[in-house]
Amino acid sequence: MKIGKAALVLLESLLLGCAVTFAMEWIALGDPQEALDWCLASLPPFCLTAVLYGGAALFLGLLTGRLWIGSLLVSAAGTALALVSYFKFAINGTPLEVEDFGMIGQMNQVMGVAGDLKVPGFAWAAMGMLALLTLFFLLLKKKLPLGSGRTRFVLLSVELALGLALVVGPGASAMGQAFSVNTQDRVMSTVAYRDYGLTLGLWRDACLLANREPEDYSAEYMDSVVKRLDEILGPSQSAANPQEQPNVIFILSESFYDMTRLPGLTLSADPAENYHRLSKEGISGRFYTGYLGYGTGYIEQSIFSGLTGKDLKPGTNICFRDPGDYSLLDSIVTPFKTAGYDTEMLHSYNSSLYNRTVTFPRIGFDHLLFSAEMQALDLNIQGSPYAGGYYLSDHVFTQALLNRLDAANADGKKAFLFGISMGNHQPFDPEKFGYKCQIGVTSDELDQDDLAITKVMLEGLTRADQALGELTDALRERKEPTVVVFFGDHRPNLFLTDGDTIYSHLGLCDGNDCSNWSIDQVADLYSTNYLIWANDAALLKQPAGMKQDTGLTALGPAVLNAADMPRTRYWAMQERLSKALLVNTDLYCVTADGNPYWNVSSANLTNEDRELMKLRDAIVYDTYYGQHYVTDKMNQPAGS
């Protein structure tokens, strides 16, 4: 291939890379001018992305002998990624992440519960631009061939070597640094997407960042970690078990939160009437979570394991790890199972999402009941059992919980029930509950179409609250001591008719992209509500009506404490850390006093807190990425 023609082919490839990068930003931002502004303002990441896509197109062109084929395939791949990210952002306000690829086999189910999603007009325009460019390359195919077979083989080999250098070894880090891409620090996906674009955000997580091995990592070092951990935790104290251990009903109520916290709405009644009433009898407060609008399965795993995505290699889907990982350390469920409890999970949808049929047995659940299994119980269901079209109503769900509680107690066992309800799950189509809403709502900030969407959320929250009241009223009539732990996993990311959320309409945040929010806005919108209640006040161990915030990594130890369950060394460590941090994610953290920070380096923590976090990092590395030197010791009581 002559030098002049080779230069033209390289120029065409780079042009294609620039076009694909621009088109992806166009799809993401919805406006070509905003996309152009991003490309100019983020020139180094834009250029690197263009080189990546241009290089991929050239590789495929060399492989097939026609550049237009490489152009077609790369354009399709880039726009597909951008559209998936666009739809994910439309569902929950966050872009595509590497961990989401773990859900690729469940795409149909995810799209089904998300509602009607359509490709927007600007995305068609962006794809049309790429189609025209590909057509241009097709018309030039005879004038610009890609050389002989030997030439193409040499070029393919060179490109393959360069491509591998971008994926493994020091070449990836060096390339990132050369193009002003931070290759060292963990960054929330929304921030990485804003600064580097979707492609480099995914590339960073998949190729650049990794959990770092502790300095001097060895069996001796890990023994010293355990020794120091025991010094901080003190001697293990046996749980002062009551004469009769309580049942525990642990409920994740999808998207439940106290809607009266929203400003600018006038409600004719309290949609959280039972929650507020029961809060005076129990312990309640804010629950600081790691997600907004989605992530239920990830939140479950964090609570049961004490891990968050920040503890794992970037891009790891916490629900789709190696099956053996889930039983390396005792979960919150393990001590209940060891104590002879009947451990069951109940979910008001089917078994298709978040790999629960694999992970939940591994973390200690003996039985899993999904919608079909619950309907097969003797529940005396009147009419349709469904609400919202595809999940069990919270009323039927409550009946199922009571049924399983009574069955376990009748067999002489205590019950540990983890229930996942979906009374306020998206989509929030106005017709979802047959246009019914028990509580009236008005607002000067919302028009009638937006109020119609808001009423769906309001009705879902009201029904979830009524089911909570129904459950606790039934437990008052039972003699068996029972503790209820009830929480919302995340707020619904309620999008209104103009594409903005109810939160931005009501002035709680600026737009839908949390990378533009203040730390106080993040902490507010990344929080829901929780309640610990018992049919015997003595089980609470704290004054009734106490307000005490909790969070993603603090709720698990609270469940163990509620039932006086013994702690392993690992969970004693988690409990001690919960006195300092309620949640710690790539986006933000909240200390036990309720103050939010962007990261722990700026948080108000003691030296011992920080030392304990370092010890914990070593434990996590040894358990999930190292040699398991002290994994068995972490499943034993502190001091043993």
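A short tour of the structure in this document, coming up. (Residues numbered from 1 in each chain as written. Predicted model: local features only at pLDDT ≥ 70, side-chain atom pairs only at ≥ 80, totals over all residues. Heavy atoms only, no water.)

1. Section: the pattern of salt bridges
The tally for this structure, following the rule as stated, stands at 22 salt bridges. One salt bridge connects lysine 88 with glutamate 97, and the closest N-O pair in it is separated by 3.5 Å. Lysine 88 sits in the buried class, given a relative accessible area of 10%. For glutamate 97, a relative accessible area of 13% puts it in the buried group. Residue arginine 356 pairs with glutamate 300 through a salt bridge whose shortest N-O separation is 2.8 Å. Here the residue arginine 356 occupies a position in helix α14 (residues 356-362), and glutamate 300 occupies one in helix α12 (residues 296-305), the gap between them amounting to 56 residues. For the pair arginine 356 and glutamate 300, one class covers both residues: buried. (Salt bridge = Lys/Arg side-chain N within 4 Å of Asp/Glu carboxyl O. Buried < 20%, exposed > 50% of the residue type's maximum accessible area, 1.4 Å probe, protein only. Helix = DSSP H or I, 4+ residues; strand = E, 2+ residues; numbered from the N terminus.)

2. Examining a nonpolar patch on the surface
Taken together, Leu132, Leu135 and Leu139 make up a surface patch of nonpolar side chains, about 330 Å² in accessible area. Here leucine 132 lies in helix α6 (residues 121-139). On the basis of relative accessibility, which here comes to 59%, the residue leucine 132 falls in the exposed class. (Patch = residues over 30% accessible without salt bridge, like charges linked within 9 Å, V, L, I, M, F, W, Y side chains within 5 Å. Areas by Shrake-Rupley, 256 points an atom, 1.4 Å probe, with all protein chains shown as cover.)

3. Structural notes on the packing of aromatic side chains
How two aromatic rings sit relative to each other is set out by the distance from centre to centre and by the angle between their planes. Tallied over the entire structure, the rule returns 29 aromatic pairs. Taken together, a centroid distance of 5.2 Å and an interplanar angle of 85° make the contact between tyrosine 217 and tyrosine 621 edge-to-face. Separated by 404 residues along the polypeptide, tyrosine 217 in the loop between α9 (189-208) and α10 (219-233) and tyrosine 621 in helix α22 (residues 607-624) bring together distant segments of the chain. An aromatic cluster is built from Phe250, Phe287, Phe304, Phe336, Tyr341, Phe360, Phe365, Phe416, Phe418 and Phe487, whose rings are joined through pairwise contacts. Note that arginine 321 overlies the ring of tyrosine 326, its terminal NZ or CZ placed 4.5 Å from the centroid. (Phe/Tyr/Trp six-rings, centres within 6.5 Å; stacked < 30°, edge-to-face > 60°. Lys NZ or Arg CZ within 6 Å of the ring centre and 35° of its normal.)

4. Details of the nonpolar core
Nonpolar side chains in soluble globular proteins tend to be buried together. Membership of the largest hydrophobic core comes to 152 residues, with the highest contact counts inside it found for Phe250, Leu262 and Tyr588. Ranked by the residues each element gives to this core, the list is headed by helix α17 (residues 448-476), at 11 residues. When neighbours within four sequence positions are excluded, phenylalanine 250 is seen to be in contact with Ile303, Phe304, Phe416, Leu417, Phe418, Gly419, Val485, Phe487, Leu555 and Val559. (Core = buried A, V, L, I, M, F, W, Y, C linked by side-chain atoms within 4.5 Å. Contact = heavy atoms within 4.5 Å.)

5. Digging into the environment of glutamate 220
With respect to the helices, strands and loops of the structure, glutamate 220 is situated in helix α10. Glutamate 220 sits in the exposed class, given a relative accessible area of 60%. Along the sequence, glutamate 220 and tyrosine 629 sit 409 residues apart, while their C-alpha atoms lie 8.9 Å from each other.

6. Brief notes about the environment of leucine 312
Among the secondary structure elements, leucine 312 is positioned in the loop between α12 and α13 (334-338). In this structure leucine 312 comes out as buried when scored by relative accessible area, which is 1%. Placed 83 residues apart in sequence, leucine 312 and leucine 229 show a C-alpha to C-alpha distance of 21 Å.

7. Some words on unusual backbone geometry
The amide bond that connects glutamine 426 to the next residue, proline 427, takes the cis arrangement and shows omega of 5°. Its location among the elements puts proline 427 in the loop between β8 (415-421) and β9 (441-442). Residues other than glycine seldom take positive phi values, yet asparagine 380 does so here, at roughly 55°. Mapped onto the elements, asparagine 380 comes out in the loop between α15 (371-375) and β6 (386-387).

8. Looking at the environment of aspartate 609
Relative to the helices and strands, aspartate 609 resides in helix α22. Relative accessible area serves as the criterion here: at 8%, aspartate 609 is assigned to the buried category. Each C-alpha atom of the pair aspartate 609 and leucine 577 lies 7.1 Å from the other, and the pair is 32 residues apart in sequence. Dropping the residues within four chain positions of it, aspartate 609 is found in contact with Arg576, Leu577 and Ala580.

9. Here's the deal with empty space enclosed by the protein
Overall, the coordinates contain 7 cavities of 30 Å³ or more when judged by the stated rule. Looking at the largest cavity, its volume works out to about 380 Å³. When contributions to the lining of the largest cavity are tallied by element, the ones reaching two or more residues are α9 and α12. Of the residues in the lining of the largest cavity, the class split is 12 nonpolar, 9 polar and 7 charged. (1 Å grid on protein atoms, 1.4 Å probe; cavity = no way out; pocket = protein on both sides within 12 Å on 5 of 7 lines; lining within 4 Å. Points joined across faces, edges and corners; volume = space filled by probe spheres on them. Nonpolar A, V, L, I, M, F, W, Y, C, P; charged D, E, K, R; others polar.)

10. Overview of the side chain of asparagine 274
Secondary-structure assignment places asparagine 274 in helix α11 (residues 273-279). A polar contact of 2.6 Å, which involves the side chain of asparagine 274, links it to the side chain of arginine 277. When sequence neighbours within four positions are dropped, the list of residues in contact with asparagine 274 reads Asp465, Gln466 and Gly469. (Polar contact = N/O pair within 3.5 Å; in protein donor to acceptor, adjacent residues only side chain to side chain.)

11. What to know about the sheet that holds strand β14 (residues 581-584)
In a beta sheet, neighbouring strands are held together by backbone hydrogen bonds and run either parallel or antiparallel to one another. With antiparallel pairing, 3 strands are arranged side by side in an open sheet as β14-β15-β16. Every other strand in the sheet has two partners, leaving β14 and β16 (596-597) as the edge strands with one partner each. (Pairing = 2+ DSSP bridges.)

12. Details of a negative patch on the surface
On the surface, a cluster of negative charge is contributed by Asp447, Asp449, Asp498 and Asp500. With respect to the helices and strands, aspartate 500 occurs in the loop between β10 (482-488) and α18 (502-505). (Lys, Arg positive; Asp, Glu negative; His and termini not counted. Charge placed at Lys NZ, Arg CZ, Asp CG, Glu CD.)

13. Regarding the state of the cysteines
Going through the model one piece at a time under the given rule, you end up with 0 disulfides. Left unpaired, cysteine 47 is separated from the closest cysteine sulfur, that of cysteine 18, by 6.8 Å. (Disulfide = S-S within 2.5 Å.)

14. Side note on α17
Along its 29 residues, α17 runs 41 Å from first to last C-alpha, staying within 8% of the 42 Å computed at 1.5 Å per residue. The N-terminus of α17 is capped by aspartate 447, whose side-chain oxygen sits 3.1 Å from the backbone nitrogen of aspartate 449. (Expected span 1.5 Å × (residues − 1).)

15. Some words on the packing of helix α3 (residues 43-64) against α9
For the pair α3 and α9, the least separation of the axes is 9 Å and the interaxial angle reads 50°. When the interaxial angle is binned, α3 and α9 end up oblique. Here the hand of the crossing between α3 and α9 comes out left-handed. Together, Pro45, Leu48, Thr49, Leu52 and Tyr53 of α3 and Asp195, Tyr196, Thr199, Leu200 and Trp203 of α9 make up the contact between the two elements. Considering only residue class, the contact of α3 with α9 consists of 7 nonpolar, 2 polar and 1 charged. (Axes fitted to C-alpha atoms, helices over the stretch in contact; angles between N-to-C directions. Parallel < 35°, antiparallel > 145°, perpendicular 65-115°, else oblique. Left-handed = near helix turned anticlockwise from the far one by under 90°.)

16. Section: the packing of helix α20 (residues 555-562) against helix α21 (residues 569-578)
Look at α20 against α21: their axes get within 9 Å of each other, and the N-to-C directions meet at 110°. Overall, the two elements α20 and α21 adopt an arrangement that is roughly perpendicular. Where α20 crosses over α21, the handedness of that crossing is left-handed. Residues Pro557, Leu560 and Asn561 of α20 touch α21, and the partners they reach there are Trp571, Gln574, Glu575 and Ser578.

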